[in-house]
Amino acid sequence: MSTLEDQKKIHIENLGHSTFLVKKGGLKILTDPFLTDSAGGIKRVLLPPVSPEEVFPDIVLISHAHYDHLDLKTLKRLNGNFVIVTSENCKKVVKVEKEVIELRNFESTVIKGVRITKVPAFHNKGRNLLYSDTGVGGFIFEIDGLKFYFAGDTAFSCSLYGSISEKIPDIDFAMLPIGGFMPFPFRKFHQTPEEAIRGFRILKAKYLIPIHFGTWHLIPFYLKKEKAVERLKTYSYICNLQENIRVIEPGCSLIFDF
């Protein structure tokens, strides 16, 4: 049985790539579910630390319909009576018997006391030729006054982060992607670790939690070549922001006490 102190703590667990589990009290929010050994036929370098059947989310957030962010094999095997929130035009891809809510940019919904707002992202739309119009974005969700920004996958843009910060200030946790930026043409849709820190400063958030690293890459050769975490840590020291960066390695978790 959890104590009153446990109810106040935030647990954030990295399940690999952009799949994170945020827990507070009895509430569980799962992001971009991908807990199988491959996406789109491309194998993970690191296997998921848990099986889909071991996860009982209350809310599942899907930033976009790319195979490594919306894995149907995972979604169909998750346990629990959860609600799915997606970017626009993604509902038709989600083929499970659950409630699915689509949101447009800066549109909000409230589920189980959690306010969820969809925000923009600079990333390529579409899942495949059949579903070429599925939208992209991120989400800001608020739990007991704490604001989490889950960016999903995005390229860097001052105007993007500036508009989010202006419309939804006082973000506590910025969960920003730091991998997938190699080779160079991939920069069109993915930001570097240094750019993630630039975005973090524009957002004026309290903590940066890196996502989208060390697990899977469209071209697996580049996963280790990117050195995403090393670059993030180095640049955080250059910017004197090392105390604001919280790296959660795949399969690990951190507890924040508020």
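In case you missed it, the structure is sitting above this.
Residues numbered from 1 in each chain as written. Predicted model: local features only at pLDDT ≥ 70, side-chain atom pairs only at ≥ 80, totals over all residues. Heavy atoms only, no water.

Chemist: Go over the packing of helix α4 (residues 193–203) against helix α6 (residues 228–238) with me, naming the residues and quoting the values.
Modeler: For the pair α4 and α6, the least separation of the axes is 8 Å and the interaxial angle reads 45°. Classed by the angle they form, the pair α4 and α6 counts as oblique. Handedness of the crossing formed by α4 with α6: right-handed. Of α6, the residues touching α4 (which contributes P193, E194 and I197) are A228, R231, L232, Y235 and S236. Along the lines of polarity and charge, the residues of the contact of α4 with α6 split into five nonpolar, one polar and two charged. (Axes fitted to C-alpha atoms, helices over the stretch in contact; angles between N-to-C directions. Helix = DSSP H or I, 4+ residues; strand = E, 2+ residues; numbered from the N terminus. Parallel < 35°, antiparallel > 145°, perpendicular 65-115°, else oblique. Left-handed = near helix turned anticlockwise from the far one by under 90°. Contact = heavy atoms within 4.5 Å. Nonpolar A, V, L, I, M, F, W, Y, C, P; charged D, E, K, R; others polar.)

Chemist: Residue-level account of the pairing of strand β2 (residues 20–24), with values.
Modeler: Burial of β2 is extensive: four of the five residues sit out of reach of the surface. With five bridges joining them, strand β1 (residues 9–14) and β2 adopt antiparallel strand pairing. The partner of E13 across the bridge, within β2, is L21. Between the end of β1 and the start of β2, which pair antiparallel, lie five residues, with G16 showing a positive phi angle near 105°. Once β2 ends, the chain turns through two residues before running back antiparallel as strand β3 (residues 27–31), passing G25 with a positive phi of about 60°. (Buried < 20%, exposed > 50% of the residue type's maximum accessible area, 1.4 Å probe, protein only. Pairing = 2+ DSSP bridges.)

Chemist: Provide a residue-level description of the sheet that holds strand β7 (residues 83–87), including the pertinent values.
Modeler: Two orientations exist for strands paired in a sheet by backbone hydrogen bonds: parallel and antiparallel. The sheet built from seven strands is open, its strands ordered β8-β7-β6-β3-β2-β1-β15 with mixed pairing. Since the sheet does not close on itself, it has two edges, and those belong to β8 (100–103) and β15 (253–257), each with one partner. Sheet twist, expressed as the average angle between the axes of neighbouring strands with direction ignored, equals 20°. The sheet contact formed by β1 and β15 spans five bridges and is antiparallel. Bridge pairing in β15 links E13 to S253.

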